[in-house]
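Topology and contacts: notes
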Amino acid sequence: MAAPTQSRVESPATQVQQLTIGKALNQGLRAAMEADKKVIVMGEDVGKLGGVFRITDGLQKDFGEHRVLDTPLAESGIIGTAVGLAVRGFRPVCEIQFEGFIFPGFDQISSQLAKLHYRTQGKIKVPIVIRVPFGGGIGAVEHHSESPESLFAHTPGLRVVSCSNPVDAYWMLRQAIASDDPVLFFEPKRLYHSGALKAPVDPSATPEPLYTSKVLRRGDTATLVAYGPSVKVCLDAATAAEEDGMSLDVIDLRTLSPLDLGPVFESVRRTGRLVTVSESSGESSIASEIAARVQQECFYSLEAPVLRVTGFDTPYPPSKLEEHFLPDLDRVLHAVDRALAW
Amino acid sequence: MSSPEQWTRPEPGAGPAATAAEPTPEQVIAGLRATTEGGTELTQLLNPEGERLASPRFDPYVADIDAEALRGLYKDMVLVRRADRESNAMQRQGQLGIWVPLLGQEAAQIGSGRALQPQDMAFPSYREHGVAYARGVDFRELLGIFRCSDHGGWDFKRHGFHPYTIVIGNQVLNATGYAMGQKFEGKVGDDDGEATIVYFGDGATSQGDVHEGFVWAAVYDAPVVFFCQNNQWAISEPTERQSRLPLYQRARGYGFEGIRVDGNDVLGCLAVSRWALEECRRGNGPVLIEAFTYRMDAHTTTDDPTRYRLSDELEVWKHKDPIERVRAHLARTGGADQAFFDDVQAEADRFAAELRDFCFNMPDPPPERIFSEVYADPSPQLDAQREEYLSYLSGFAEAGGH
């Protein structure tokens, strides 16, 4: 470990830039590190390599090895030492290389990270962000395409969020880092470098509050709810449905714990039909929770049961089969048709 | 089986091979011997007979421990043992849900705990009542955990004493991260620097987190003292189920120093801990200390050690009692008279009576405690759940009680 050096730190971009999700995350990290010297980035290969997805590209060069830590190769070690660093007053941002590798760190996340604030009745704060590239669609081998977010949303003490576009990627990451709660930050890895999703990111803008869902498209035929990579699928489905004379509400959840279901309830009361979409297995999932809460709150408004379009209740299949496993435009529209036919 | 250092490695032709379920008689005997001996590399400054042994390496670290200071260490251990016995009894009387006895480990905890400076941080497991006492945590604050009315709410910053950690080995990584923070903040490098100490048992050394803690500490030169209290038993599993090497020797594989000290020798534990902490302060850490001791009571009050260990073993260790050897030394050297010992015992009895009184009068937490401080930021969902549940409860009160 080299001694701390006074390296030159380039100021984060202050002007509006067209960014991919990946670049927006990089800029968000850079801005957070610039704003607060206690913010450190740690994980496997995040330094010289810039992470296997290059999200941390250039950060170690500009902030030094003492703020961008290329760690040994062990997830429990990454999370467990981050907890200690947070107790000391740092704000670690951990990168888990792929979501399927988070499980060795699950013990530290669920036993310590999620509970220290409660255990000590607020005397210890653990402001840690764990960045998790998640989801399929990249043709990868086993353990590289999973969607374990429901496990974390089920763990009290953790916040769980997921972004679907560059503006949210930038701002939600900055807000998560600024939060005193531990945040699991799920990033749609197959959209990281999508040129089609490039969007203007204004570092001087006022962001949406972190723990809020957002209506992306207004319609009155049915409601689609999704998060992360499935948001794009739903937006594409809504565009296709329009050609068939249907107008769909599309809501990006953004926050999975806490769930902000106010806009969902409002929408369902208008449309009477709800389809939830996510890549994770459907049983005991975010989609299940939404279905339960919507029937509780909107029982008399529902014209059809809440339908779920999710990954199957199987381990993630060999990726030659993932096009069948992942919710796509056709499966979403098929679900909308079923809801309308009720 | 020529040496205890090799006791878990069967020699060729030494008898029938052990199975996972049942060690051979030879291994049992060898294990017993190794359990009661510390091996040739055991650091000891005060032997079980209360004789002071010279140690050119470690004597300088206890040069200031005169008779008065030794009387202080004696008193610490007596008070902690008395509080431990009282708590154990209170569990038997149904006042505590469970108790984790420290009987036999007073020297390891007081010796290492008294080696710490105010600026240091200690990360305990769940048996470190003696360290808590040494760090100024009111013993009564520990009781809430075992009465199941809280999870441990002391001011960790003020005491430099992290909350108890019950999951085996988790705290080793947390402590290592904390020590990395001390290093990153430049608090290491001179005699006034900061250090961290983390406590765990011999069973924890099998956990991945302990291994990872050793790795992280080594590669980041973290100022952390790994203080393993090898009390020979992880509930019913002996140390031979954790390692075929003496635990302190593992440090070499990670690239830092490991040392075995007589965990029943408060002077030895104090000296070795001071040395290790100094190494860390100066940036020469980490260090692994194996305090070779013995858990004289059960793992917890739910445990029955008669099912898995021999009474002979217990009898051997009784002769190595950490308190009796200091008492013998003080008596032999004229460092204390009978009046002193009587006074300490009387103070310990008062201490225990206060503890008992406190415990018996400890109120249950109010129901709203369930919902408090889950998050740092507000949680409308939890606020709603709390309001709904309190409203539900108040309905019973309005109806005339429940």
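Residues numbered from 1 in each chain as written. Chains lettered and ligands numbered in written order. Predicted model: local features only at pLDDT ≥ 70, side-chain atom pairs only at ≥ 80, totals over all residues. Heavy atoms only, no water.

Filter applied, for reference: UniProt positions are given in the numbering used here, feature names are shortened, and annotations may be inferred rather than shown by experiment.
Chain B carries the name Pyruvate dehydrogenase E1 component alpha subunit in an unreviewed UniProt entry, which gives Prauserella marina as its organism. In UniProt, chain B has this text filed under Cofactor (unreviewed entry): "thiamine diphosphate".

The name an unreviewed UniProt entry assigns to chain A is Pyruvate dehydrogenase E1 component beta subunit, from the organism Prauserella marina. Per UniProt, the comment on chain A under Cofactor (unreviewed entry) is "thiamine diphosphate".

**Observations regarding the overall build of chain A**
Quick reminder of the rule: Helix numbering and strand numbering both begin at the N terminus, where a helix is a DSSP run of H or I of at least 4 residues and a strand a DSSP run of E of at least 2. Note on contacts: a residue pair qualifies if any of its non-hydrogen atoms lie within 4.5 Å across the two residues. Shrake-Rupley sampling with a 1.4 Å probe provides the accessible areas, and residues are treated as covered by the protein chains on show and by no other component. Positive: Lys, Arg. Negative: Asp, Glu. His and the chain ends are not part of the count. To locate a charge, take atom NZ for lysine, CZ for arginine, CG for aspartate or CD for glutamate.
Summing up its helical and strand segments, chain A has 12 helices and 14 strands in all. In terms of principal-axis extent, the alpha carbons of chain A reach across some 65 × 45 × 40 Å. In chain A, once contacts between residues fewer than 6 apart in sequence are set aside, the share between residues at least 24 apart is 80%. Carbon and sulfur atoms make up 52% of the accessible area of chain A, which totals about 12,800 Å². Taking the average place of the 34 positive charges on the side chains of chain A and the average place of its 42 negative ones, the gap between the two points comes to 7 Å.

**So, helix α12 (residues 322-333) of chain B**
All names here are of chain B. We apply this condition: Expected span of a helix, by definition, is 1.5 Å for each gap between consecutive residues, and there is one gap fewer than residues. Only protein chains enter the accessibility calculation, which uses a 1.4 Å probe; a residue whose area is less than 20% of its type maximum is buried, one above 50% is exposed, and one in between is partly exposed. The directions considered for the arc run from the helix axis to the C-beta atoms. Two N or O atoms form a polar contact when they lie within 3.5 Å of each other; inside protein one atom must be a possible hydrogen donor and the other a possible acceptor, and for residues adjacent in sequence the pair counts only when both atoms belong to side chains.
Compared with an ideal rise of 1.5 Å per residue, which puts 12 residues at 16 Å, α12 spans 17 Å between its outermost C-alpha atoms and is within 8% of the ideal. Where α12 is concerned, the buried positions are P322, I323, R325, V326, H329 and L330. Within α12, the buried residues cover an arc of 165° as seen down the axis, which keeps them to one side. Contact partners of the buried residues in α12: α2 (67-92), α3 (106-113), β6 (257-262), α10 (266-281) and α13 (338-360). Capping the start of α12 is the job of one residue whose side-chain oxygen sits 2.9 Å from the backbone nitrogen of I323: D321. The positive-phi residue at the C-terminal boundary of α12 is G334, with phi of around 75°.

**Side note on the sheet that holds strand β10 (residues 222-226) of chain A**
Residues and elements named next belong to chain A. The condition is simple: Whether two strands pair comes down to DSSP finding at least two bridges between them. Orientation is described by lines fitted to C-alpha atoms, with helices fitted over the stretch in contact, and by angles between N-to-C directions that extend from 0 to 180 degrees.
Pairing within the open sheet is mixed, and its five strands lie in the order β9-β11-β10-β13-β14. Both edges of this open sheet fall to β9 (214-217) and β14 (307-311), since each of them pairs with a single strand only. Averaged over all pairs of adjacent strands, the angle between strand axes in this sheet comes to 25°, irrespective of strand direction. Set on the sheet, helix α8 (residues 229-243) makes contact with β9, β10, β11 (248-252) and β13 (274-281); between it and β11 the angle comes to about 170°.

**So, the interface of chain B and chain A**
Quick reminder of the rule: Take the accessible area each of two parts loses on contact, using a 1.4 Å probe, and add the two losses: that sum is the buried area. Note on definitions: salt bridges are taken to be side-chain nitrogens of Lys or Arg within 4 Å of carboxyl oxygens of Asp or Glu. Under the scheme applied, nonpolar residues are Ala, Val, Leu, Ile, Met, Phe, Trp, Tyr, Cys and Pro; charged residues are Asp, Glu, Lys and Arg; polar residues are all the others, including Gly.
Taken residue by residue, the interface counts 41 residues in chain B and 46 residues in chain A. When chain B packs against chain A, the two sides together hide about 3,700 Å² of surface, and 56% of this comes from carbon and sulfur. Inspection of the chain B/chain A interface yields three salt bridges. Between A:R88 and B:E185 there is a salt bridge; the shortest N-O distance is 2.8 Å. Listed by contribution, the elements that provide at least two residues to the side of chain B that touches chain A are α7 (170-184) and α8 (208-219) of chain B. For the side of chain B that touches chain A, a count of residues per class yields 18 nonpolar, 14 polar and nine charged.

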